[in-house]
Amino acid sequence: MLLVVISAFTLSAQEDTTKPTSIDPKLIDWQNARVPKEYTIADVKITGIKHLDTSIVFSISNLLPGDKFVHPGSDIFSKSIANLWRQRFFSNIEIFVTKIDGDKVWLEISLQERPRLGNFKFNGINKADAEELAIKASLAKQTIITENTLRNIKEVVTKFYTEKSFRNVSVIIEQKPDPAFANSDQLAINVVKGNKVKINEIGFYGNENVEGIRLKKQMKGTKEMSKFTLKPDEAKSPYGENKPYSFKEYTKDWGFLSLSKTKQLVDPWFRFKLFSGAKFDQKKFDDDKNNVLNYYNSLGYRDAQIVEDTAIYTKNGNLNLDLKIKEGKQYYFGNIVWKGNAKYSDSILNVILGINKGDIYNVGIMNKRLGKEASQDGGDISGLYMDEGYLFFRVDPVETAVYNDTIDYEIRVTEGPQARLKNVTIAGNEKTKDYVIRRELRTIPGELFSRTDLIRSQRELANLQYFNQETIEPGVVPDQSDGTVDINWKLEEKSSDQLELSAGWGGGIGLTGTLGVTFNNFSIRNIWKKSAWDPLPTGDGQKLSLRMQSNGRAFRSYSFSFTEPWLGGKKRNSLTIGLNNSKYSNAFDPFTGQIDRARSDTNYLKVNGISVSLGKQLKWPDDYFSLVYSINLTQYQLRNYPIFDQNFRNGTSTNISFKIGIQRSSVFDPIFPRSGSNFLASVQFTPPYSLMNKNASKTSNEFKNPEYHKWRFNAEWYVPIGKPLGADKNRQFVLKMAAKYGFMGRYNRDIGYSPFERFQVGDAGLTNNFGLLGYDIVAHRGYPVYQTSNPSINPDQQNATQFFTIFNKYTLEMRFPLVTNPSSTIYALSFFEAANGWFNYKDYNPFKLRRSVGVGMRFFLPMFGLLGFDYGIGLDRLTPGQSGLKGATRFTFMLGVEPE
């Protein structure tokens, strides 16, 4: 491309072979002028324009008839050319003086338009890559083609394939006129990717004190190809000893590697590349070199350097990476002196800092414990001060001496004034009332600022499930002039209501289906206000659940519950009321296998229940504790329905029980907890009828007033594993550990254990007809429901009709979030479970457990709640000598809530 700039005195004299070559003398005088003279532009002519509007060019050039300028000495023409060139519309710009008459000048602006993009095509790559690259390179038809356009295409393509481990990418662009569009060029983008480059080996040199394998572990994004050794059958090998043998050749001669050939994994006479995940990425490699140096620094080698790194191509085109390390000497902490601290003594700060003289030097640990690195875990010195209102606190560690291998520090503390909360505002809550939010906040105007209270408030708001937890922002605005701070809570509401809907029609059964709704932010006080129904009265933080279920004449159920989480509005005292009514009918005729309506009216179990519970948040030992009291009344009416035994098939049983539970929960985000713990201990008991009435065991209906006491203990821990993957802080593995215990007792040994309120263990944990009898339905993935505590007996070979009075269950789950946003939460998991149940304390053996392993998925959709799938392998369902997993696996499904 050629830019011809003819300045204010420029004259273009082009030779024309068809006309005389005489030149106007006035133009020659113009070119040779030395004395400045004022001229006026008489006319401006624009040539070379075919598609652009000439009025736009006039406006950009800023050369208009009537404009005056001085020649020589004016830069009016060079500025005009610069303005036009800046638009990137033209490939060549020239300004000619075509006529001079006195002080009047006639101008011609000659332009050559850049071509526009017509059709374009990527050659040498697949369609999916081509479509992605077109988007990344911002290629769109009829956009102007510039040098930057072509350069950008090459850079985007090269970067795209370099990140996919193609190190020798070549991009050649062919540009030619496109007959399909006027003033347009078509581009043929020819891509040669070359071979994919992987990392064969990573070698460290000069690392005398740290093993290379430990350094390789720090390189999270730069990995070697996984290798193991094989010794193939020499009789079949077409190669001599110590010759490389490729995967393709191995599969051709011996077939794919199988378990039966693991005996060949001996003698390292060649290496077999099993996995292909060792891609080379320059950016990740640079990051990993910093990770190696950070690891050295954490070991006290603060002078460590990577003095050289070399990439050497192997014969097969892969890379050997060699890094030369200069370790330097290992340093230790020396004397640590505090300056400027008045609130806390040196001894207290030293305990929290946790660094003693002689400890290995690690500036990262020091900064973390000083609170210079952002953390919500607390336990650092900045958090200690900020919890007492010292929002303007600052701490600076300064090296005061370095001698031999020891470093002395002076930690300078600037405490500043204590800050008090001034204004606390809330924005973004369109449905939820302000008071519902404020009662969850611990940031109260007039109180001292506290970082712990701020974090706790954020967690409490997230636990409401009314707001998108990822966008909850406290908006801390300090004002050092008056020692105050404003908190501006910014919220984004999300749907928290849930709908359960299913329907069907069965021959002989009739209509079957389920309709359930849960309103998690209900407002009962506005229920009579017509204006509040949009579509329902909401915003007061109450919970209302309604559910109807029918299986024709065989089963129907209605349930209702209402929860007020802040009874009275001043303290976190909850009130929950629940009602339920169900009917199971033995409607099937055993002879015809069809529904018999008459039988459904004469063979049934009816259950009516009511429960009331009160909850209270405790202040001691801390305010994570809560205490719940409840009273439950359930009445069972049986008619020709021997649910327990033939002796009790008609009659009424009334179960009155009381329950006390104490819980401590520090779990953040109940849908996908990433940290915290949850502990629950409870006891449920009935009045001791047999102790009050010694003839109770001799009554004709021994089930009339069941008596028992049932104890439960649950413990759950959530531990984040490693660091978040990528930029998303939520993409992190989380380990869940859980232990659950339950046992039932009796008041009178002369009376058997209550048939109600037992433990059913096995399967997916979904409720069933035994759930109506108060049974705790305990899931055990990989197993059906079982009724024996002997793991050697396959539960597939039995039909459970009686259930346990004792159970133990242990769970390990590794979880990883796939999607975390307001519209859905999806995570994958793998699990190990061990559980069992027993009928009495004599047989109880906590080490005799049924074990299972498996994988699963969880989908949480705000409208439908939790959906879950698990594929479990019951390890104790495998018989000795069994090949394969047939008969030992089980697929389970869950809906609504996570099972026990």
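Reference entry: report on the structure contained in this document. Model, not experiment: these values are computed from the prediction.

### Some remarks on the sheet that holds strand β17 (residues 476-479)
And step 1. Here we have three strands laid out as an open sheet, ordered β16-β18-β17, and mixed in their pairing. In this open sheet, the two strands that pair with only one neighbour each are β16 (420-427) and β17. Here the average twist between neighbouring strands, direction ignored, is 15°.
And step 2. Sheet topology note: the β17/strand β18 (residues 484-490) ladder contains four bridges and is antiparallel. If you follow V477 over to β18, its bridge partner there is D486.
And step 3. Of the strands in this sheet, β17 and β18 touch helix α13 (residues 451-463), which is tilted by about 15° from β18.

### Quick notes on helix α4 (residues 127-136)
Note on helix geometry: an α-helix contains 3.6 residues per turn, so any two residues three or four positions apart are oriented the same way.
And step 1. Residues of α4 that are buried include every one of D129, A130, L133 and A134, and no others. Around the axis of α4, the buried residues are gathered within 135° of arc, so they sit on the same side. Residues of α4 that are exposed and point over 90 degrees away from its buried face: K127 and I135.
And step 2. Packed against the buried residues of α4 are β5 (116-123) and α5 (147-162).
And step 3. Near the N-terminus of α4, the side chain that reaches the backbone nitrogen of A128, with its oxygen 3.3 Å away, is that of N126.
And step 4. Residue S138 follows α4 closely and has a positive phi angle near 55°.

### Here's the deal with helix α2 (residues 54-61)
And step 1. When we look at burial in α2, the residues that qualify are V57, I60 and S61. Seen along its axis, α2 keeps its buried residues to an arc of 95°; they face one direction.
And step 2. Against the buried residues of α2 lie β1 (37-47), α3 (76-86), β3 (90-101) and β4 (104-113).
And step 3. Note on α2: the residue one or two positions beyond its end, N62, has a positive phi of about 65°.

### Quick notes on a nonpolar patch on the surface
And step 1. On the surface, a cluster of nonpolar side chains totalling about 500 Å² of accessible area is made up of I577, L579, I610, V612, I631, L633 and F658.
And step 2. Every element with two or more residues in the nonpolar patch is listed here: β23 (573-585), β24 (604-617) and β25 (625-639).
And step 3. Residue placement: I610 occurs in strand β24.

Calculation rules
- Residues numbered from 1 in each chain as written.
- Predicted model: local features only at pLDDT ≥ 70, side-chain atom pairs only at ≥ 80, totals over all residues.
- Heavy atoms only, no water.
- Pairing = 2+ DSSP bridges.
- Helix = DSSP H or I, 4+ residues; strand = E, 2+ residues; numbered from the N terminus.
- Axes fitted to C-alpha atoms, helices over the stretch in contact; angles between N-to-C directions.
- Contact = heavy atoms within 4.5 Å.
- Buried < 20%, exposed > 50% of the residue type's maximum accessible area, 1.4 Å probe, protein only.
- Arc of directions from axis to C-beta.
- Polar contact = N/O pair within 3.5 Å; in protein donor to acceptor, adjacent residues only side chain to side chain.
- Patch = residues over 30% accessible without salt bridge, like charges linked within 9 Å, V, L, I, M, F, W, Y side chains within 5 Å.
- Areas by Shrake-Rupley, 256 points an atom, 1.4 Å probe, with all protein chains shown as cover.
- Salt bridge = Lys/Arg side-chain N within 4 Å of Asp/Glu carboxyl O.

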